[in-house]
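Descriptive structure summary
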Amino acid sequence: MTLLIVLIFILGYVLLATTHLTNVNKAAIAMFMGTVGWVLYICYGTDFVMSQHPREYFDFLAGEAPNSDAVKYFIYDNIFLKYVGKAAAIVLFLLATMTIVEILNNNGCFDFISEWIRTRNSKRLLWSITVATFIISANLDNLTTTAMMLVIMHGIVQNRRQRMLIGSAIVLAANTGGCMTVIGDPAGVILWGEETVTATNFSAYLALPALTAWALPTYLIGRCLPARLDVEWPAIPYRGDDTNLNRLQRLSMLFVGIGGLWFIPTFHNITKLSPFLGALCVLAVLWVVNEIFNRKLMNAEQMIQRRFPRSLQYGSLQMILFIMGIMLSMGVVNETGFFASVSEWIDYNIHNVWALGLMSGLLSGVVDTFTVAMTNLSLYDVVDDAALLRWVDSDYMANFVQNGTYWKIVAFSTSVGGCLTCFASQSGIALMKMERMHVGWYFKNCTPKVLLGWMAGMALLWVECYLLK
C-alpha cells in the first residue's frame, strides 16, 4: 500500500509538471492526491499505525482490544487532524492576506502606484512597477499582488511583447520579494509557524540574495525593451462611491493593513499563537475601519454588491484548495515513512544541502514551487541543540537546526527556481492566461536571465552562511 500511495504521489508530480499541456487544473490534481492518499492509508491503517505510532496507539486503546474502528478513530484524532490543522493555518493566513489586499485595492489605496509609474520611459516604468511589486509581495500574498500589478500594467502598456517582458519581471519580483520574509510566501509561513526559522534571522539572510535574484534579471529584461513604450493612461477605475475616500483615509487604511501585517511577527513572539490568528486580527481591524470610512455609502447600490471582496471568489479558492490538497498529500506520504527513507538516502548519497537546493530549484521550475518546497520541508525535522551533539556528523546536521542553512536554501531556491518557467508558480500561470504567453517564448527570453540571477543569489547566500556567519 505504501508503494501505491507513493505512485499516486509521483503521478501527481507528473500531472502538475504537465498542466500547461493537459490543461488540468492544479487544484484538482492536488485534491486528488490528498484525498485518495488518505483513503488508501486508512484502508490499511493498522499496518501503518503499528509501524509508525505503536506506543501512541496502545495508549489510545487504554487496555481495550484493538479493532478496525479503533484504529480509524486513532488515525482521525491523532494523525489526520494534525495535518488538517497545519493546512488550515496556511489557508487562513492566505485568505486573510488576500482579503486585506482586496479591501485596500477596492478603496483605491494602491492608486498611487499608477501615479508613480506614469512615464513613457521603459526603464523607469519597469523599475517602478517591479520595486512596488517586490515591496508589497514581501508583506502580502504573492498571487494577489501579482494579479493586481499585472492588471495595472496591462491597462497601461499597449504592445503585447512589451507587456510579456514587463509581466515576467513582475512575476519574478513577486516571487523573490515573497521569499524575503516569513509572511510573503506560503513556504515561509510554514517554516515560521513550525518555528523552523525566526522572522529576523530569515529576512536578514535572504534580503540580499532575493534583491540580487530580482534586480539582475530585471536589468537584463530592461535591455530588451525600447527606450519609449507604447502606453496609454486610462482613467482611474470606477469602484462605486467608495472612490470618494480622501488621501488621508486611504493612507490610514494602508497603514492599518500593511502596518498590521508587520506587527504579526511580534504578535507571534509574544503569544506563541499561530500567525494566521494575527492576520485575521489585522483583517478584522481593517474591515471595521473600512466600514467606518464608508458608513455613508453602505446603503448605496454600488456598495451592496461589494461588501465581500473578490478574493473570496473562484480564482483564489483554487489556490486555497491546491494548498490544502498538497499539504494533505504530503502528510499521508510522510505517515507511510517514505520521506524518512528518502532523507536517509540523501544523507548517505548526496550529503550536501547546496546540491539539494540546486536540484530543488530546478525541479520547482518543472513541477510547482509550493509542491517542491513542501516536499523538501517534509524530508527533515528541526534538530535541537541537544540532539545535535549526539550526531557523528554534527557539522552536516547543523544545517537542520532552527535557522539552519537548509531551510533558507529551500525557501530561496524553490521561489526563484519556480520562475525558470512560466507555468511553475501560480503567479506565472496568471501571466500566461492574461497575455496568452507561450512556454517557448518565456524559455527563450526570460529563463536564461532568471537562471543567472538565481545563481548570483545562491552565491551570495553561500557567502553569508559560511564566510560572514
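What comes next is a walk through the structure. (Residues numbered from 1 in each chain as written. Predicted model: local features only at pLDDT ≥ 70, side-chain atom pairs only at ≥ 80, totals over all residues. Heavy atoms only, no water.)

1. Here's the deal with the packing of aromatic side chains
- The tally for this structure, following the rule as stated, stands at 22 aromatic pairs.
- Their ring planes at 50 degrees and their centres at 5.9 Å tell us that Trp 354 and Tyr 466 sit as a pair that is tilted. Placement of the pair is Trp 354 in helix H19 (residues 353-364) and Tyr 466 in helix H26 (residues 447-466), with a sequence separation of 112 residues.
- Residue Trp 354 is classed as buried on the basis of its relative accessible area, which comes to 13%.
- A network of ring pairs unites the aromatic residues Trp 38, Tyr 41, Phe 48, Tyr 76, Phe 80 and Tyr 83 as a single cluster.
- Above the face of the Tyr 205 ring, Lys 408 is positioned so that its terminal group lies 4.6 Å from the ring centre. (Phe/Tyr/Trp six-rings, centres within 6.5 Å; stacked < 30°, edge-to-face > 60°. Helix = DSSP H or I, 4+ residues; strand = E, 2+ residues; numbered from the N terminus. Buried < 20%, exposed > 50% of the residue type's maximum accessible area, 1.4 Å probe, protein only. Lys NZ or Arg CZ within 6 Å of the ring centre and 35° of its normal.)

2. Some points on the environment of Met 149
- Relative to the helices and strands, Met 149 is located in helix H9 (residues 142-156).
- Apart from residues lying up to four places away in sequence, Met 149 is in contact with Ile 113, Ile 129, Ala 132, Thr 133, Ile 136 and Ile 170. (Contact = heavy atoms within 4.5 Å.)

3. Section: the pattern of salt bridges
- Per the stated rule, a full pass over the model turns up four salt bridges.
- For Lys 86, the salt bridge goes to Glu 194, with nearest N and O atoms at 3.7 Å. Of this pair, Lys 86 sits in helix H6 (residues 68-106) while Glu 194 sits in the loop between helix H11 (186-193) and helix H12 (199-222), and the two are 108 residues apart along the sequence. (Salt bridge = Lys/Arg side-chain N within 4 Å of Asp/Glu carboxyl O.)

4. Points about unusual backbone geometry
- One non-glycine residue with positive phi stands out, namely Asn 23, at about 60 degrees.
- Tracing the backbone through its elements, the reader meets Asn 23 in the loop between helix H2 (19-22) and helix H3 (26-43).
- Its identity is not glycine, yet Asn 403 carries a phi of approximately 65 degrees, on the positive side.
- On the secondary structure map, Asn 403 appears in the loop between helix H22 (394-397) and helix H23 (405-417).

5. Details of H6
- Between its first and last C-alpha atoms H6 spans 53 Å; for 39 residues at 1.5 Å apiece the expected length is 57 Å, and the two agree.
- Considering bend angle alone, the principal kink of H6 is centred on Phe 80 and spans about 40 degrees.
- Two residues or fewer past H6, Gly 108 is found with a positive phi of approximately 75 degrees. (Expected span 1.5 Å × (residues − 1). Bend = angle between axes of the 7 residues up to and from the residue.)

6. Considering the environment of Pro 186
- As for its placement among the helices and strands, Pro 186 is situated in helix H11.
- Judged by relative accessible area, which is 9%, Pro 186 ranks as buried.
- Put simply, Pro 186 and Ile 90 are 96 residues apart on the chain and 6.8 Å apart in space, counted from C-alpha to C-alpha.
- Ignoring anything within four residues of it in the chain, the contact list for Pro 186 reads Ile 90, Leu 94, Met 319, Ile 323 and Phe 370.

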